[in-house]
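Observations on the model geometry
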Amino acid sequence: MKILVVGSGGREHALAWKLAQSPRVAKIYCAPGNAGTARVAENTSVPVNDHAALITFVKREKIDLAVIGPDDALAAGIVDAFQAAGLRAFGPTARAARLESSKAFAKDFMRRHGIPTAASREFSDSGEARSYCATAKYPLVVKADGLALGKGVVIAGNAAEAIEAVEQSMDAGVFGDAGKKIVIEEFLEGVECSIHALVDGAGYALFPDCRDHKQAFDGGAGPNTGGMGTISPTGSIDASLEAVIRSEILDRFVAGALADGLDFRGMLFPGLMLTAGGPKVLEFNCRWGDPETQVLVRRLESDLVPLLGACIDGTLAAQAIEWKAQSAVCVVLASGGYPGAYRKGEKISGIDQAERSESIVVFHAGTAESPDGLVTNGGRVLGVTALGESPRAARANAYAAADQIHFANQHRRNDIGAAP
Ligand code: AMP
Ligand code: GLY
């Protein structure tokens, strides 16, 4: 069969890499892809937000399945458009993806279905939000309602910081329409954990847990990014905690989505805070995490193609999924300055040396081919991904490989997979 992967990040290279190993796959396309996806797929420049053009392309190339990476494409209804054209696409419809694209919608869903999450209030009027901030207890968290590239969350230590966040989002409009409505919620203490589960409408298959490292610098300092690196498993979730995550979060999610008629089919990725009072949902993502996907596909033993098909068809229960017992670590090599301004076009060297070790796969994110060879083309450039017999071994392998890769102004964290 032929598969189209939509997106251009490390997540999409990781998905294309895994799908390409399936004996069922004859060819993979990627829209728009990057220099890494070009090694396992044919990149196409058909614009992802032009659904009609994409559908024409899929029909012309006789593509059997589209796998959608990014949240904004899902929120824009790409899966709805494919379904309406009689085509198969992996991912939730826009209506179901609102669980990610509107935090107020997700909060209401969680409240109604008894899913543990931070207490919160929603505001559409900035005056009301400011008055609330003036008398609230601190710290608290101010969140833009809509998609804001991971930048829409401010942890405010006092009223002045909270009011500033409210004004930036609601009055100055720094997140556009995504920040016109906000959610203000209780600050939760604990360690974070990324949960992934394939959902087929009526049931789910839980994946191993991961941990992302969102802040730019070691020890959790600096601004939030899309994610600077991941480890799986985290070691934070034992059998009894997994049972709670299943019964209080995933079972209730699936039952709630059914009751609300959301027909959620795709990847559900709840970001959790493991608090003293149990796991609580920070947010629902309705897609694969980036760079969580990079470690998950390294550990996935089973063929991914039938799993995605079973999600669409509602037959997940019949699928067995096997995982490697090894740990996986992904270290993101970023352009200096990210998540702020950074330079593009820096020459990249050393990937072949890094990949000489059997435990290593280097997934590309912001890369491009130039007449000079491979160059940087984004904030997160590469995800150096290693397996190891222990978390410590996987970390050592990942950093030894990362040391081989060079480009000007490279930035990385040196504590990926160390204790949270
Ligand atoms: P979100 O996009 O909602 O996952 O938020 C981004 C990041 O902000 C999370 O990964 C957490 O580090 C932090 N965060 C969000 N909500 C809370 C909360 N209620 N308490 C503490 N930290 C939070
Ligand atoms: N790595 C976090 C995310 O994909 O949202």
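I will try to describe carefully the structure that is included in this document.

Conventions adopted
Residues numbered from 1 in each chain as written. Chains lettered and ligands numbered in written order. Predicted model: local features only at pLDDT ≥ 70, side-chain atom pairs only at ≥ 80, totals over all residues. Heavy atoms only, no water. Helix = DSSP H or I, 4+ residues; strand = E, 2+ residues; numbered from the N terminus. Buried < 20%, exposed > 50% of the residue type's maximum accessible area, 1.4 Å probe, protein only. Polar contact = N/O pair within 3.5 Å; in protein donor to acceptor, adjacent residues only side chain to side chain. Axes fitted to C-alpha atoms, helices over the stretch in contact; angles between N-to-C directions. Parallel < 35°, antiparallel > 145°, perpendicular 65-115°, else oblique. Contact = heavy atoms within 4.5 Å. Nonpolar A, V, L, I, M, F, W, Y, C, P; charged D, E, K, R; others polar. Phe/Tyr/Trp six-rings, centres within 6.5 Å; stacked < 30°, edge-to-face > 60°. Near = heavy atom within 4 Å. Areas by Shrake-Rupley, 256 points an atom, 1.4 Å probe, with all protein chains shown as cover. Arc of directions from axis to C-beta.

**Side note on the side chain of Thr293**
- If you trace the backbone, Thr293 turns up in helix α11 (residues 292-299).
- On the basis of relative accessibility, which here comes to 0%, the residue Thr293 falls in the buried class.
- A polar side-chain atom of Thr293 sits 2.4 Å from the main-chain carbonyl oxygen of Gly289.

**Digging into the packing of helix α1 (residues 10-20) against helix α12 (residues 304-313)**
- At a closest axis distance of 8 Å, the pairing of α1 and α12 adopts a crossing angle of 110 degrees. In terms of axis orientation, α1 runs roughly perpendicular to α12. Between α1 and α12, the residues in contact are Leu15, Lys18 and Leu19 and Leu304, Val305 and Leu308, respectively.
- Taken together, the residues of the contact of α1 with α12 break down into 5 nonpolar, no polar and 1 charged.

**Quick look at the packing of aromatic side chains**
- Under the defined criterion, the tally for this structure stands at 9 aromatic pairs.
- The interplanar angle of 80 degrees and the centroid separation of 6.3 Å between the aromatic rings of Phe109 and Phe284 together place this pair among those described as edge-to-face. A residue pair is termed long-range when its members are at least 10 positions apart, and Phe109 in helix α7 (residues 103-113) and Phe284 in strand β18 (residues 278-285) qualify at 175 residues.
- On the basis of relative accessibility, which here comes to 1%, the residue Phe109 falls in the buried class.
- Ring centres of Phe253 and Phe264 lie 5.2 Å apart, and the angle between their planes is 85 degrees; on these two criteria the pair is classed as edge-to-face. Taken together, the residues Phe253 in helix α10 (residues 239-259) and Phe264 in the loop between α10 and β17 (265-275) connect sequence positions 11 residues apart. For the residue pair Phe253 and Phe264, the accessibility class agrees, reading buried in each case.
- Connected via pairs of aromatic rings, a cluster forms that spans Phe109, Phe253, Phe264 and Phe284.

**Let's talk about the site of ligand 1**
- Around ligand 1 lies a shell of 16 residues, among which Glu185, Leu188, Glu192, Lys214 and Glu283 are the nearest.
- In this structure, an oxygen atom belonging to ligand 1 sits 3.1 Å away from a side-chain N or O atom of Lys103.
- Between Glu283 and ligand 1, the recorded distance is 2.8 Å, taken from a side-chain N or O atom to an oxygen atom.
- When the free accessible area of ligand 1 is taken as 470 Å², the share hidden by the protein chains comes to 94%.
- If you list the elements that add at least two residues to the shell around ligand 1, you get β7 (140-144), β8 (153-156), β9 (182-186) and β18.

**Some points on the site of ligand 2**
- Taken together, Asp212, Gly226, Phe269, Arg287, Gly289, Asp290, Pro291 and Glu292 form the complete shell of residues around ligand 2.
- Gly226 is positioned such that a nitrogen or oxygen atom in its backbone is 3.2 Å from a nitrogen atom of ligand 2.
- For ligand 2, a nitrogen atom lies 2.8 Å from a polar atom in the side chain of Glu292.
- When isolated, ligand 2 has an accessible area of 200 Å², and the protein chains bury 90% of it.
- When the residues that make up the shell around ligand 2 are grouped by side-chain class, the tally is 2 nonpolar, 2 polar and 4 charged.

**A word on helix α3 (residues 51-60)**
- Looking only at α3, the buried set comprises His51, Leu54, Ile55, Phe57 and Val58. In a view along the axis of α3, the buried residues occupy a sector of 160 degrees, so they form one face of it. Along α3, exposed side chains directed more than 90 degrees from the buried face belong to Ala52 and Arg60.
- The elements touched by buried residues of α3 are β1 (2-7), β2 (27-32) and α5 (78-84).
- Within two residues after α3, Lys62 carries a phi angle of roughly 55 degrees, on the positive side.

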